[in-house]
Amino acid sequence: MTLTHDVSLQHTAHDATSPVSPARAAFPPADTVRPGEAPFVERHIGPQADERTTMLAALGYDRLDQLVDQALPASIRIGARPGDRPLTLPAPLSETEALAWLRGLAERNRPRRAMIGLGYHGTVIPSVIRRNVLENPAWYTAYTPYQPEISQGRLEALVTFQTMVAELTGLATAGASLLDEATAAAEAMALARRSVKTGSVFLVDPDVLPQTLSVVRTRARGLGITVVMADRPLAEAVAVHDPFAVLVQTPGASGRLPATDELGAVADAAHAAGAMVIAAADLLALTLVTAPGEWGADVAVGSTQRFGVPLFYGGPHAGYLAVRDGLERTLPGRLVGLSRDAHGDQAYRLALQTREQHIRREKATSNICTAQVLLAVTAAMYAVYHGPDGLRAIAQRIHDDARGLASRLAGAGLHVRHDAFFDTLAVEVPGRAAAAVAAAREAGVHLRQVDDDTVGVAVGEDATAADLDAVVTALTGADGPSDGTSDGRSDGPAALGPDPLADSARTSAYLTHPVFHAHHSETSMLRYLRALADRDFALDRGMIPLGSCTMKLNATTEMEPISYPGFADLHPFAPAEDAAGYTELIGVLEGWLAEVTGYAKVSVQPNAGSQGELAGLLAIRGYHLSRGEDQRVICLIPSSAHGTNAASAVMAGMKVVVVKATADGSVDPDDLAAKIEKHRDELAAIMVTYPSTHGVFEEGITDLCAAVHEAGGQVYVDGANLNALLGLSRPGRFGADVSHLNLHKTFCIPHGGGGPGVGPVGVGEHLVPFLPGDPLNPRSVEGLTDGHVGAVSAARHGSAGILPISAAYIAMMGAEGLTAATEHALLAANYVARRLRDHYPVLYAGRGGLVAHEAILDLRPLTKATGVTVDDVAKRLIDYGFHAPTMSFPVAGTLMVEPTESENLRELDRFCDAMIAIRGEIDRVGSGEWDREDNPLRNAPHTAAAVSADEWTHPYPRSVAAYPAGQHRGPLGAAGGGGLDKYWPPVGRIDGVYGDRNLVCSCPPPEAFES
């Protein structure tokens, strides 16, 4: 590594004589760095050598290794145990080399035309949306919009998403996206079980998507729910099975589209029995067919992938969940609602369930704490760009192509199984299915082999006439168009006879709000996307020091490969031989992640940290069951733990027992010992975060692991804070049995404004058999319970499309770079803590008064003395040009700061200067100079409209309101390269209570925004 840093970094170098791991052997050899091309680690780590020296001096150290040695317990360090060895990773690649490597892997994938179906369809993403949303750091580097005043752009986009889903499904309220269709169905099952007090089983349509059934069965086992596949028409099955809910797939996996009357009969039968009806519906089909809410569904779930989101080999995609009136307060995940700001203007914010896991913990409705915001925004903007007429035209063309294809195949003597369909055909080719699918593949089309005699064909938006010809040729053996047309398509709908949609045709209007009619030209769309992005504060504007969130650099080189066609356009169920690049990428990445964490194996299937938690706990549960220890269901969770921990434990079928914390924030060893002894025979696991959620390295972690193991339990170490350990310690070596990782934190996948994320799960050797299963594996689909753990995500490799980001990060950093990043994360946090501790008490610290990678600032004494709250400080930071730290977690009345290794000294000092200036403002309130209810903190954030108003009645000048840190004038470079233009929040402080009491979760009419 050529960091141009001091020699203190040399202790982190990996040993070149160490045994070569499979991960290292799999990596291609690197060329030397090109002359003039700086090593990537120097681009990723913010502080340069002179800045690091200044920061160390402020802490009283000469070298970085001295700080690290003082902060970390020796017992957890790499090398502390016999047999420990340094990280074994390939030498780092330059950015140019990394791009070449990933481009080569992408080219080894052969997407062909994806006509497999099963919930994943070919789509065309408009370039204006791809470039200005998916590839735009203003969108992808933002965080979940917990600070709504600086998140109005993506909140508005999410309301557009919710409106789109609610209107297309014909239901009252839709959430702001879920992780995928299968997860949404599982969440809907849990919602129904909470809402319906009668009934004993979850009744499932036999034509359900197989991956949905697999995930539903996985979730159901943990919740103690019996899943029954209907063996007769659903309306009749209701009377036989006593369901609390019925899941209907429309159209079905086979392509069959039930008529509206048939669906209505199912709903009537279910409601008569006291059961709910859940419709798993194709959102694009709903532009043509009757909305679920209109035939009686209570809940609708599905995917918005075909609304302009690439296939991505299975994800990330935005699932959706919508509910009828009266169920909105039971929705899992995130919901955006309308409220008003301090000036009475309309504004958006997260409603109802915001961070509910931290409040309700094991009683939370779900463990989902984020979703797929970036993909939901993409899907919403696709609907905005095309409008209702455009969406209907796309759907109609797809349907007409499917009708024409069915007609041609029937004309060739083949039997198309269902008369009513939208886009998918089940074609009978007795004894020739495998050969037909192979022939289509050779012609550039991927089809689905249903069985030996049946082929599935799904027409997507991107299907061409040549593709349709290729399908006909593969299935019939005939060459060229068989209906006399020149382009492989039919002569039009009139030539095809009765429309299969006749018994399901939609008559109701949808997407009537002006936003779906105003931006159909690219000029208008481009400006709309820019206007939305300009309303938000993301990493492209400044530091986001959110504790427990690790908002580090998402480098452009890491992001670029996700748009390569080989990565973006491959169907998740494509043949393995056409996914060679992904196979190698995933194998290498899983190997690297196992290497850096010390685990035997890692699975990247979980498509969020919450799902990684669930997968890890299910592995523990499966392990105990395989040993005949069914009674081990107690999960110990420290009181300071992340709220999703408790929710995940309940979903895995465990019972939560809380362990107290001591005054310094660490796990109380006496209470832990007492709880272990009390529940010794029932102890399944303990879930701990390390370093702790309080931001310290607890000295007793190895003793904790040993005590739990001695009682027969397993140790789950939450990987949320791995950015403080990477390269310095391996959880799998200091006593943990399982961890989930957050690739969207430690490994640079961007947060996307609230998703996507990836939550891989790593396990010890004894837990490897209990990692998540393939969603298409019959064992997963059939729900076998012999210790087998089913799928937790719809696709085998979860959100595979964004894995190149983390692979690029590790490849370019190497072992030394990863370690240096961790060391600088510790340095940055301790530097900030040291600068601010005389102004705000640092609530918790470890040995030597040091914190880990984040620090908790205690504002409670100031609040008691002056009335200034954490909310006031958080909103005032907006005026200074910052996103606030994490508020009131894990301790109410505090701010948790995590600066990460990517911020340079200038930005760290800018933040500290702002916090110190705010402390001065607090003192002016405390002294009585400023009124407690009328001061710059209580009135923050200040909008341009407020400070430029003709009337100004506040006891402080407008300049203090608008430019508390001074106003930059002239070129940005005139301030030594550090000049910044003012960020103006689009709204004033938002009244969250008002929004919850007056819940509006879809696009309000334009009149609502009139003054």
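All values reported here derive from a predicted model rather than from experimental measurement.

A. Broad picture of helix α8 (residues 152-169). In this model α8 runs 25 Å from its N-terminal to its C-terminal C-alpha over 18 residues, within 8% of the 26 Å that 1.5 Å per residue would give. Where burial is concerned, most of α8 is hidden: 16 out of the 18 residues are buried. Just past α8, the residue Gly170 takes up positive phi, approximately 70°.

B. Summary view of the UniProt feature "modified residue: N6-(pyridoxal phosphate)lysine" (unreviewed entry) in the chain. UniProt annotation of "modified residue: N6-(pyridoxal phosphate)lysine" (unreviewed entry) refers to Lys745 when read in the numbering used here. Along the chain, the position of Lys745 falls in the loop between β21 (738-740) and β22 (761-763). By relative accessible area, Lys745 is classed as buried at 9%. In this view, Lys745 contacts Ser548, Cys549, Thr550, Lys552, Ala720 and His751; residues no more than four positions away in its chain are not counted. A polar contact is formed between the side chain of Lys745 and the backbone oxygen of Ser548, at a distance of 2.6 Å.

C. Looking closely at the pairing of strand β8 (residues 319-323). For β8, the buried fraction is high: five of the five residues fall into the buried class. Side-chain alternation along β8 places Gly319, Leu321 and Val323 on one buried face and Tyr320 and Ala322 on a second face that is also buried. The pairing of strand β2 (residues 173-174) with β8 spans two bridges and is classified as antiparallel. In the strand pairing of β8, Thr173 is matched with Val323. Looking at chain direction, strand β7 (residues 299-303) and β8 are connected through five bridges and run antiparallel. Along β8, the bridge assignment pairs Val301 with Leu321.

D. Spatial organisation of the pattern of salt bridges. Summed over the entire model, instances satisfying the criterion amount to 45 salt bridges. For the salt bridge of Asp534 with Arg530, the shortest nitrogen-to-oxygen distance reads 2.9 Å. Taken together, the residues Asp534 and Arg530, both in helix α18 (residues 522-534) and four residues apart, mark about one turn of the helix. In this structure, Arg860 engages Asp858 in a salt bridge whose closest nitrogen and oxygen atoms are separated by 2.9 Å.

E. Region of the structure containing the sheet that holds strand β26 (residues 990-991). The strand order β10-β9-β26 describes an open sheet built from three strands, whose pairing is antiparallel. Every other strand in the sheet has two partners, leaving β10 (346-350) and β26 as the edge strands with one partner each. With five bridges connecting them, strand β9 (residues 336-341) and β10 associate as antiparallel partners. Residue pairing across strands places Val336 opposite Leu350, the latter belonging to β10. Packing of α8 onto the sheet brings it into contact with β9, β10 and β26, and relative to β10 it is tilted by some 80°.

F. Structural context of the layout of surface pockets. Of the voids in this model, the largest pocket is the one considered here, and its volume is about 1200 Å³. In terms of lining residues, the largest pocket is bounded by 45 residues, among which Arg541, Gly542, Glu907, Arg910 and Leu980 are the most central. Contributing elements (two or more residues each) for the lining of the largest pocket: α2 (40-44), α7 (137-140) and α31 (905-926). When residues in the lining of the largest pocket are grouped by element, the largest group, six residues, is from α31. Its residues assigned to classes, the lining of the largest pocket comprises 19 nonpolar, 14 polar and twelve charged.

G. Representation of the confidence of the model for the chain in the model. Confidence along the chain averages 91 in pLDDT terms, with 91% of residues attaining 70 or more. Contacts for the low-pLDDT stretch residues 1-27, under 50 throughout, to residues beyond four places or in other chains number 62 contacts. Within the model, pLDDT remains below 50 along residues 482-486, and this stretch shows seven contacts once partners closer than five positions in the same chain are excluded.

H. Expanded view of the environment of Ala174. In this fold, Ala174 is placed in strand β2. Separated by 111 residues in sequence, Ala174 and Arg63 place their C-alpha atoms 53 Å apart. Residues in contact with Ala174, not counting those within four places in the same chain, are Gln162, Val165, Ala166, Leu321, Ala322, Leu331 and Leu335.

I. View of empty space enclosed by the protein. Under the criterion given, the structure shown has 13 cavities of 30 Å³ or more. By volume, the largest cavity is sized at about 360 Å³. Tyr143, Cys369, His642, His744 and Lys745 are the residues nearest the centre of the largest cavity, which is lined by 28 residues in total. Ranked by residues supplied to the lining of the largest cavity, first place goes to helix α22 (residues 609-626) with three residues. Grouping the constituent residues of the lining of the largest cavity by class yields eight nonpolar, 16 polar and four charged.

J. Spotlight on the pairing of strand β5 (residues 243-250). β5 sits mainly inside the fold: eight of its eight residues count as buried. Strand direction decides the pairing type here: strand β3 (residues 201-204) and β5, joined by four bridges, are parallel. Within the sheet, the bridge partner assigned to Leu203 lies in β5 and is Val246. Looking at chain direction, β5 and strand β6 (residues 276-281) are connected through six bridges and run parallel. For Val246, the partnering residue across the bridge sits in β6 and is Val277.

K. View of the side chain of Thr123. Within the secondary structure, Thr123 is located in the loop between β1 (113-114) and α6 (127-134). A relative accessible area of 16% places Thr123 in the buried class. At 3.0 Å, the side chain of Thr123 and the backbone oxygen of Arg306 are in polar contact.

L. View of the nonpolar core. If you look at the biggest cluster of nonpolar residues, it comprises 223 residues, and the most contacted ones within it are Met164, Phe307, Met381, Leu447, Leu475 and Phe747. With 20 residues, helix α15 (residues 373-411) is the single largest residue contributor to this core. Counting contributing residues per domain, this core is built from domain 1 (99-108 + 561-813) and domain 2 (109-479 + 511-542 + 963-969 + 978-1010), each supplying no fewer than three. Setting aside its immediate chain neighbours within four residues, Met164 contacts Leu283, Thr304, Phe307, Ala379, Ala380, Ala383, Leu511 and Phe516. Counting residues in hydrophobic clusters, the runner-up holds 47 residues, among them Ala192, Leu213, Val216 and Ala791.

What counts as what
Residues numbered from 1 in each chain as written. Predicted model: local features only at pLDDT ≥ 70, side-chain atom pairs only at ≥ 80, totals over all residues. Heavy atoms only, no water. Helix = DSSP H or I, 4+ residues; strand = E, 2+ residues; numbered from the N terminus. Expected span 1.5 Å × (residues − 1). Buried < 20%, exposed > 50% of the residue type's maximum accessible area, 1.4 Å probe, protein only. UniProt positions renumbered as here; feature names shortened; annotations may be inferred. Contact = heavy atoms within 4.5 Å. Polar contact = N/O pair within 3.5 Å; in protein donor to acceptor, adjacent residues only side chain to side chain. Pairing = 2+ DSSP bridges. Salt bridge = Lys/Arg side-chain N within 4 Å of Asp/Glu carboxyl O. Axes fitted to C-alpha atoms, helices over the stretch in contact; angles between N-to-C directions. 1 Å grid on protein atoms, 1.4 Å probe; cavity = no way out; pocket = protein on both sides within 12 Å on 5 of 7 lines; lining within 4 Å. Points joined across faces, edges and corners; volume = space filled by probe spheres on them. Nonpolar A, V, L, I, M, F, W, Y, C, P; charged D, E, K, R; others polar. pLDDT = per-residue confidence, 0-100. Core = buried A, V, L, I, M, F, W, Y, C linked by side-chain atoms within 4.5 Å. Domains from an automatic or database assignment.

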